[in-house]
Amino acid sequence: MTEEPLPAEHLSPLAALVDEVLAGVGYEMAAATDAIDDAVSGYGGLFAPETTRGELRRALGELSAAELAKPPVAEPTDDSFVLYVDGSSRGNPGPAGAGAVIMDSEEAQLARLGRPVGSRTGNNTAEYVALQLGLSELLSRYEPHSVDVRIDSMTVIRDVWGGNDPTEASVETYSESIAAALSEVPNHRYTHLADSDPNPADALATVGADIAALGP
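Cut-off values and rules
- Residues numbered from 1 in each chain as written.
- Predicted model: local features only at pLDDT ≥ 70, side-chain atom pairs only at ≥ 80, totals over all residues.
- Heavy atoms only, no water.
- Helix = DSSP H or I, 4+ residues; strand = E, 2+ residues; numbered from the N terminus.
- Expected span 1.5 Å × (residues − 1).
- Buried < 20%, exposed > 50% of the residue type's maximum accessible area, 1.4 Å probe, protein only.
- Arc of directions from axis to C-beta.
- Contact = heavy atoms within 4.5 Å.
- Salt bridge = Lys/Arg side-chain N within 4 Å of Asp/Glu carboxyl O.

Student: Pulling in residues and values, what's your account of helix α7 (residues 201–212)?
Tutor: The end-to-end C-alpha distance of α7, which contains twelve residues, comes to 17 Å, matching closely the 16 Å that a straight helix rising 1.5 Å per residue would cover. Listed in full, the buried residues belonging to α7 are Ala-201, Leu-204, Ala-205, Gly-208, Ala-209, Ile-211 and Ala-212. The arc enclosing the buried residues of α7, seen along the axis, measures out at 155 degrees, which places them on a common side. Contact partners of the buried residues in α7: α1 (13–24), α2 (29–39), β1 (80–89), β2 (94–104) and β3 (109–121).

Shown next as structure tokens:
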């Protein structure tokens, strides 16, 4: 799993602490949420209305200082994978999150990943970060020979697979990281998802945007 936290856009100190916890468990959203909920005293949790910002900050500080246990790496059927990715931005720009789901060739879920992207971030950037997140964790856990990236962003598809220059200068760092990651996968392709197609990464991106909205 990724050892160093992936770069983020501007986040509030509270949202940045959550992102640190996510990085500590390999961006496994469920594992991070469970750890935070367990660390908050009483019956509160990450998104519980009764949890005060002070309680949440103390819990996150304790978790960030601890050696978090990463979930075991699930065993795939072979070296071919499916990667669903999605980004979400409220307000575009606004609080944004990224989600990714790694599946094996039989489409059994191996990892459900998510993170906040930024508090004032556009949707295109969130989509790039989602792809970076999924590829980074895929390569850190497995040695993929092929991957089918399932994505609904035509902007990212045109830039990454179509050879266009990045649409926004702010995504160049992510596009370079994505290009480097894809160069390590012998066979990679994309499948464009229509708005009506199910995308299991969508809910994870939404939770990431919820985290990005936390503050101060």
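Let us keep going from here.
Student: I'd like to hear about the side chain of Thr-125, residue by residue, with values.
Tutor: Examined against the element boundaries, Thr-125 turns out to sit in helix α4 (residues 123–141). Thr-125 gets classed as buried once you look at its relative accessible area, which sits at 3%. Here Thr-125 is in contact with Glu-9, Val-117, Glu-168, Ser-170, Val-171 and Tyr-174, once residues within four sequence places are set aside.

Student: Would you mind going over the pattern of salt bridges in detail, with residue names and values included?
Tutor: Under the definition given, this model contains six salt bridges. As a salt-bridge pair, Asp-19 and Arg-115 come within 2.9 Å of each other at their nearest N and O atoms. Of this pair, Asp-19 sits in helix α1 while Arg-115 sits in strand β3, placing them 96 residues apart in sequence. Just as Asp-19 is buried, Arg-115 falls in that class too.

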